[in-house]
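Coordinate analysis (summary)
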Amino acid sequence: MSHGKQFTLYTHVGGPNGWKVAFVLEELGLTYESKYLDFSKNEQKAPEHTALNPNGRIPTLVDHQNGDFAVWESNAILLYLQEKYDKENKLGVTNPNDKYTLLQWLFFQASGQGPYFGQAFWFLKYHPENLPSAIERYQKETVRVFTVLEGVLSKQEWLVGGKPTIADIAFITWNRAAFGVVLKDFQNVNVEKDFPSVYKWHKKLEERPAVAKVLQIQAEVQKQ
């Protein structure tokens, strides 16, 4: 480690999952250096990276104060950071039932929101063929996920514990993709009007100083 910071975050300029790790690092005041892997050069599959993350994807976090311990899978990283370094329990919960509810939402984000929103984004932006049936399938799944969230957030401000936690933060980046791309022109869906509680929740998360700081960094690096 030459940069002198506690963590190295292997990530990507555009990939949503690395940015949510940065949100939590900033929230907890932890020092880190981001290394933006170049997917066009397949750097995520290079031996230097797969030695840390055999899945060859991002994000990967290396903790230099814990024997260069490497963690991959974004929600596993969030749990690691919260459980090991969130001494004031700022982004966690203490009630045993709430802990399982927090895990429930992290699993839902990883198995529901991320894959469905991601596939919708892929077929809309990157797939070499225009496949309307695939696009519609994943747009409808995006609506379904927002319907689940709306049903909960219409009754409570945050997903668990009555406060923002890593469960809420995990949803930010793919929500942004859905608002800006996935549902932008889908069947007259208006997220702000059709899912008002989701929209309000998301905007409150974006306004958090740590999140806003990282979003500004993201905007700057994406201009380069």
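Residues numbered from 1 in each chain as written. Predicted model: local features only at pLDDT ≥ 70, side-chain atom pairs only at ≥ 80, totals over all residues. Heavy atoms only, no water.

**Thoughts on the pairing of strand 4 (residues 69-72)**
- Sheet analysis places strand 3 (residues 60-63) next to strand 4, joined by four bridges and oriented antiparallel. Directly across from Leu61, in strand 4, lies its bridge partner Val71.
- Hairpin connection of strand 3 to strand 4: five residues between the antiparallel strands, including Gly67 at a positive phi of 65°. (Pairing = 2+ DSSP bridges. Helix = DSSP H or I, 4+ residues; strand = E, 2+ residues; numbered from the N terminus.)

**A short note on the packing of helix 1 (residues 16-27) against helix 10 (residues 209-223)**
- Contact geometry for helix 1 and helix 10: axes closest at 8 Å, N-to-C directions at 135°. Accordingly, the angle class assigned to the pair helix 1 and helix 10 is oblique. With respect to the hand of their crossing, helix 1 and helix 10 are arranged in right-handed fashion. Listed contacts from helix 10 to Trp19, Ala22, Phe23, Glu26 and Glu27 of helix 1 are Ala210, Val211, Lys213, Val214, Leu215, Ile217, Gln218 and Val221.
- Split by residue class, the contact of helix 1 with helix 10 holds nine nonpolar, one polar and three charged. (Axes fitted to C-alpha atoms, helices over the stretch in contact; angles between N-to-C directions. Parallel < 35°, antiparallel > 145°, perpendicular 65-115°, else oblique. Left-handed = near helix turned anticlockwise from the far one by under 90°. Contact = heavy atoms within 4.5 Å. Nonpolar A, V, L, I, M, F, W, Y, C, P; charged D, E, K, R; others polar.)

**Considering the nonpolar core**
- Counting residues in each nonpolar core, the largest one holds 62 residues, and the members touching the most others are Phe7, Leu25, Leu81, Phe146, Leu149 and Trp201.
- Here this core gets eight residues from one element, more than from any other, and that element is helix 4 (residues 96-125).
- Excluding residues within four positions of it along the chain, Leu81 makes contact with Phe7, Val21, Val24, Leu25, Leu28, Leu30, Leu61 and Asp86. (Core = buried A, V, L, I, M, F, W, Y, C linked by side-chain atoms within 4.5 Å. Buried < 20%, exposed > 50% of the residue type's maximum accessible area, 1.4 Å probe, protein only.)

**Some thoughts on the pattern of salt bridges**
- Enumeration over the complete set of coordinates arrives at nine salt bridges.
- Put simply, Lys213 and Glu26 hold a salt bridge, and the shortest N to O gap is 3.3 Å. Placement of the pair is Lys213 in helix 10 and Glu26 in helix 1, with a sequence separation of 187 residues.
- Judged by relative accessible area, which is 46%, Lys213 ranks as partly exposed.
- Glu136 is the partner of Lys140 in a salt bridge, and the nearest nitrogen-oxygen pair spans 3.2 Å. Pair noted here: Lys140 and Glu136 are both in helix 5 (residues 132-153), with a separation of four residues, about one helical turn.
- A relative accessible area of 44% means that Lys140 is categorised as partly exposed.
- One network of salt bridges, with partners in common, ties together Glu27, Lys90 and Arg208. (Salt bridge = Lys/Arg side-chain N within 4 Å of Asp/Glu carboxyl O.)

**Notes on the packing of aromatic side chains**
- Applying the stated criterion to the full structure yields 17 aromatic pairs.
- An angle of 45° between the planes, with centres 5.4 Å apart, marks the rings of Phe69 and Tyr80 as tilted. One end of the pair, Phe69, is in strand 4; the other, Tyr80, is in helix 3 (residues 74-85), with 11 residues separating them in the sequence.
- Overall, the relative accessible area of 39% leaves Phe69 in the partly exposed class. (Phe/Tyr/Trp six-rings, centres within 6.5 Å; stacked < 30°, edge-to-face > 60°.)

**Description of the environment of Leu159**
- Positionally, Leu159 belongs in the loop between helix 5 and helix 6 (166-169).
- Between the alpha carbons of Leu159 and Gln65 there is a distance of 31 Å; along the sequence they are 94 residues apart.
- Not counting residues up to four positions away in its chain, the partners in contact with Leu159 are Thr101, Trp105, Leu149, Leu153, Ala167, Asp168, Phe171 and Trp201.

**Some remarks on the side chain of Gln44**
- Positionally, Gln44 belongs in the loop between strand 2 (32-36) and helix 2 (47-50).
- Accessibility expressed as a relative area gives 10% for Gln44, which makes it buried.
- Once you skip the residues sitting within four places of it in the chain, Gln44 turns out to touch Leu37, Asp38, Phe39, His49, Thr50, Gly56 and Arg57.

**Quick word on the sheet that holds strand 3**
- Read across the sheet, four strands follow the order 2-1-3-4 without closing on themselves; strand pairing throughout is mixed. Because the sheet does not close on itself, it has two edges, and the strands there are strand 2 and strand 4. Strand-to-strand, the axes of this sheet are offset by a mean angle of 20°, without reference to chain direction.
- Together, strand 1 (7-11), strand 3 and strand 4 form the strand contacts of helix 3, whose direction differs from that of strand 4 by roughly 130°.

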